[in-house]
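# Structure at a glance
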Amino acid sequence: MYLTSACGYLLFNIANFVLNLQILALSVIMLLFEAGVSSGLENQIFQYIDLHQNEFIQTLKEWVAVESDSIQPELRQEVTRMVELTADRLRAMGTTVELVKLGSHKLPDGQSLPLPPLILAELGKDPQKPTVCFYGHVDVQPAKKEDGWKTDPYTLTEIDGNLYGRGATDNKGPVLAWINAVESFRALKLDIPVNLKFIIEGMEEAGSLGLEEIIKKENQRFFSDVDYIVISDNLWLSNRKPALTYGTRGNICFSVEVRCGERDLHSGSFGGIIHEPMTDLIALLDSLVDTSGRILIPGVYDDVASLTEEEKKLYEAIEFDLEEYKNNSGVKKFLYDTKEEILSHLWRYPSLSIHGIEGAFHEPGIKTVIPAKVIGKFSIRQVPHMDISIGEHQVIKYLEDVFSKRNSPNKLKVSVPISAMPWVADINDPLYTAARMAIKTVFGQDPEMIRDGATIPIAQTFQNITRKSVMMLPIGAADDAEHSQKEKISRHNYIQGTKLFAALFLEIAKLHGQLQEASNTTTTN
Ligand SMILES: C[C@H](N)C(=O)N[C@@H](Cc1c[nH]cn1)C(=O)O
Ligand SMILES: [Zn+2]
Ligand SMILES: [Zn+2]
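Presented here is a report on the structure given in the accompanying data block. (Residues numbered from 1 in each chain as written. Chains lettered and ligands numbered in written order. Predicted model: local features only at pLDDT ≥ 70, side-chain atom pairs only at ≥ 80, totals over all residues. Heavy atoms only, no water.)

In this section: the pairing of strand β8 (residues 195-201). Along β8, 7 of the 7 residues are buried, which leaves the element largely enclosed by surrounding structure. The two faces of β8 match: N195, K197, I199 and E201 on one face and L196, F198 and I200 on the other face are all buried. Across 5 bridges, strand β4 (residues 118-123) lies against β8 in antiparallel orientation. Residue E122 lies in a different strand from β8, and its bridge partner there is K197. Pairing analysis gives 7 bridges linking strand β5 (residues 131-137) to β8, with the strands arranged parallel. The residue bridging H137 from the neighbouring strand is E201, located in β8. (Buried < 20%, exposed > 50% of the residue type's maximum accessible area, 1.4 Å probe, protein only. Helix = DSSP H or I, 4+ residues; strand = E, 2+ residues; numbered from the N terminus. Pairing = 2+ DSSP bridges.)

As structure tokens, this is what we get:
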């Protein structure tokens with residue numbers, strides 16, 4: 001009797017000890033997980049990525065070498081070549097690629113120019129797996145060495161761990177990082193835990209011409225089995241801390257043409273006796289914003305959603321190094337001095353920027369000429385709930401009013417070549433949870449939850465039409481200088497970014513499994 005109860009006691013203690021061990025092991029796993037420690041599978045993939053980084057950089061070099069500028073009509077063939085190069089790369093990793101014709105568009109001079117095709121691609125069709133659709137672009141903003149580049153913009157050049165070149169971060173580097181991630185799974189003969197779809201275009205920098213129509217058309221087909229849409233085409237708020245982006249501003253671009261006649265005139269023969277188009281244009285452009293950056297067009301601020309207390313608190317909590325941000329810009333003084341003011345004016349209020357004047361003499365030296373036709377270009381970054389068509393109307397009416405007060409006989413023509421809506425997503429969406437986990441695994445820290453002052457023309461369209469979760473997962477750092485003469489991506493971000501996308505596939509698969517399990521339990525109950 002005594003022996004039996006002693007045995008029972010011993011067994012009870014052993015069972016307890018085993019249970020405690022299990023709890024301890026589970027806690028350690030949870031702790032490691034929270035601290036961003038990767039699993040064996042992740043480690044295997046990460047090691048592969050580290051070992052092959054020079055090959056990934058070589059491919060980026062080949063891509064940057066293509067002058068796929070979508071703004072200048074004479075370079076359109078290069079954009080098409082870049083799209084084909086991308087399609088080849090996707091095909092080489094087993095992806096089914098469809099090149100969709102987008103037709104052509106009309107240039108301001110009436111000429112019609114073909115648009116580059118759009119890539120719709122897919123890899124895997126397992127109904128048990130979630131489907132992730134990646135969107136990116138392989139066109140770039142214009143760049144010339146004479147603009148002030150220290151290195152040739154189309155020769156990817158590594159200096160102190162940074163890879164300089166047009167498109168390095170916007171958006172060839174991140175597009176390739178997605179491809180590298182998939183290639184790494186395949187090279188290791190590992191099962192990719194998600195089905196993948198790719199939508200890659202060559203006209204983003206020109207406002208994603210033709211894309212919205214295709215999304216509408218493909219909603220019931222290409223997008224029907226998509227669960228999540230991920231865009232990696234923006235920057236962190238900091239040079240070092242990763243971020244997840246849940247909103248962008250929109251953009252309405254204006255062209256303001258003022259013309260006096262058919263040909264340029266000698267300023268000695270006609271200066272002082274005519275109304276000069278350039279003088280009219282400068283006056284029009286000068287009437288748009290005041291010295292504090294406030295837009296002077298009546299009604300522009302009417303529909304802007306007011307900043308909520310919740311948003312203010314969110315901004316207060318964000319880590320933001322104002323000096324670092326200033327240094328990145330090379331500008332000594334900003335219009336605002338506090339973090340809250342800067343973030344709200346970048347993300348939550350509209351801004352107006354003047355981009356250039358076509359037709360004006362801009363070479364070194366002075367050409368004593370009166371240009372006959374000049375075209376001013378400016379744009380307004382829009383925020384929720386501004387209405388694009390109301391905005392267009394307000395601006396055109398305002399410019400006509402200002403012009404009419406000048407009593408100029410010149411001809412004024414205002415047009416809107418590009419407009420794009422702002423985008424905001426729900427950060428409580430499970431897709432954001434998966435991305436946070438992946439960021440923690442790769443970068444060992446939580447991301448900053450940010451919005452972006454720039455525009456992804458198609459982001460809101462994706463959300464409105466497909467009704468799928470849309471997330472922006474950037475890998476570029478705040479000092480990557482998109483659209484500028486020092487555009488770069490660091491070797492570190494390019495390679496860690498590749499790992500991030502691989503980790504995201506695993507996290508999405510895990511999360512999807514959990515979600516499905518939860519929904520099955522609810523159904524059974
Ligand atoms: C954020 C993205 N990398 C980008 O640069 N987008 C462009 C798109 C655009 C807007 N208007 C015309 N093109 C941008 O925000 O300037
Ligand atoms: Zn971009
Ligand atoms: Zn861009």
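The structure having been displayed, the exposition proceeds.
This part covers helix α8 (residues 277-286). Considered for burial, the residues of α8 that qualify are P277, D280, L281, L284 and L285. Taken end-on, α8 shows its buried residues confined to a sector of 130°, consistent with a single buried face. The inward-facing, buried residues of α8 abut β11 (250-259), β13 (351-358), β14 (369-370), β15 (373-382), α12 (388-404) and β16 (411-420). (Arc of directions from axis to C-beta. Contact = heavy atoms within 4.5 Å.)

The next thing to look at is the pattern of salt bridges. With the rule as written, the count across this model stands at 31 salt bridges. Ionic pairing is found between K241 and E319, a salt bridge with its closest N-O pair at 3.5 Å. Taken as a pair, K241 in the loop between β9 (228-231) and β10 (243-248) and E319 in the loop between α9 (309-317) and α10 (322-329) lie far apart in primary sequence, 78 residues in all. For R259, the salt bridge is made with E262, and the minimal N-O distance between the two is 3.4 Å. Residue classification places R259 among the partly exposed positions, given a relative accessible area of 25%. Owing to a relative accessible area of 67%, E262 belongs among the exposed residues under this scheme. Through salt bridges with shared partners, one network takes in E122, K125, K197 and D225. (Salt bridge = Lys/Arg side-chain N within 4 Å of Asp/Glu carboxyl O.)

Taken together, the protein donors to the zinc ion (ligand 3) comprise D170 (OD), E205 (OE), E205 (OE) and H483 (NE2), at separations of 2.0 to 2.6 Å. Within one chain, the residues donating to the zinc ion (ligand 3) are spaced in sequence as D-x34-E-x277-H. Between the zinc ion (ligand 3) and the zinc ion (ligand 2) the interatomic distance amounts to 3.4 Å, and D170 serves as a bridging ligand to the pair. Taken together, the residues span a long stretch of sequence, with E205 in the loop between β8 and α6 (211-218) and H483 in the loop between β19 (469-472) and β20 (488-490) at a distance of 278 residues. Here E205 falls in the buried class, since its relative accessible area comes to 12%. Of the residues examined, H483 reaches a relative accessible area of 41% and is grouped as partly exposed. (Donors = N, O, S within 2.8 Å, 3.2 Å for Na, K, Ca; no water.)

Protein-derived ligands of the zinc ion (ligand 2) are H137 (NE2), D170 (OD), D233 (OD) and D233 (OD), with the metal-ligand distances lying across 2.0 to 2.4 Å. In primary-sequence terms, the residues that donate to the zinc ion (ligand 2) follow H-x32-D-x62-D.

Moving on, we get to the site of ligand 1. Contacts to ligand 1 come from D170, E204, E205, D233, N251, R381, A454, T455, I456, P457, E482 and H483. At 2.9 Å, a side-chain N or O of N251 approaches a nitrogen atom of ligand 1. H483 places a side-chain nitrogen or oxygen 2.8 Å from an oxygen atom of ligand 1. When ligand 1 sits alone it has 390 Å² of accessible area, and the protein chains cover 94% of it. (Near = heavy atom within 4 Å. Polar contact = N/O pair within 3.5 Å; in protein donor to acceptor, adjacent residues only side chain to side chain. Areas by Shrake-Rupley, 256 points an atom, 1.4 Å probe, with all protein chains shown as cover.)

Before going further, it helps to examine the packing of aromatic side chains. Tallied over the full model, the rule gives 13 aromatic pairs. Geometrically, the ring pair formed by Y135 and F462 is edge-to-face, given 5.5 Å between the ring centres and 70° between the ring planes. Of this pair, Y135 sits in strand β5 while F462 sits in helix α14 (residues 459-466), placing them 327 residues apart in sequence. There is no split in this pair, since Y135 and F462 are both buried. Connected via pairs of aromatic rings, a cluster forms that spans F134, W178, F185, F198, F501 and F505. Geometry around Y301 places R294 over its ring, the cationic atom sitting 4.0 Å from the centre. Across the ring face of F334, the terminal group of K326 is positioned such that the distance to the ring centre comes to 5.9 Å. (Phe/Tyr/Trp six-rings, centres within 6.5 Å; stacked < 30°, edge-to-face > 60°. Lys NZ or Arg CZ within 6 Å of the ring centre and 35° of its normal.)

As a further point, take unusual backbone geometry. In terms of backbone geometry, most residues other than glycine have negative phi values and most peptide bonds are trans. Geometrically, the link from D170 to N171 is a cis peptide bond, its omega value of 10° lying close to zero. Across the junction of P384 and H385, the peptide omega takes the value -5°, indicating a cis bond. Position of H385 relative to the elements: it lies in the loop between β15 and α12. A positive phi is found at D160, a non-glycine position, where the angle reads about 50°. By relative accessible area, which is 77% here, D160 ends up exposed. One non-glycine residue, S208, lies in the positive phi region at around 55°. Structurally, S208 can be placed in the loop between β8 and α6. Owing to a relative accessible area of 6%, S208 belongs among the buried residues under this scheme.

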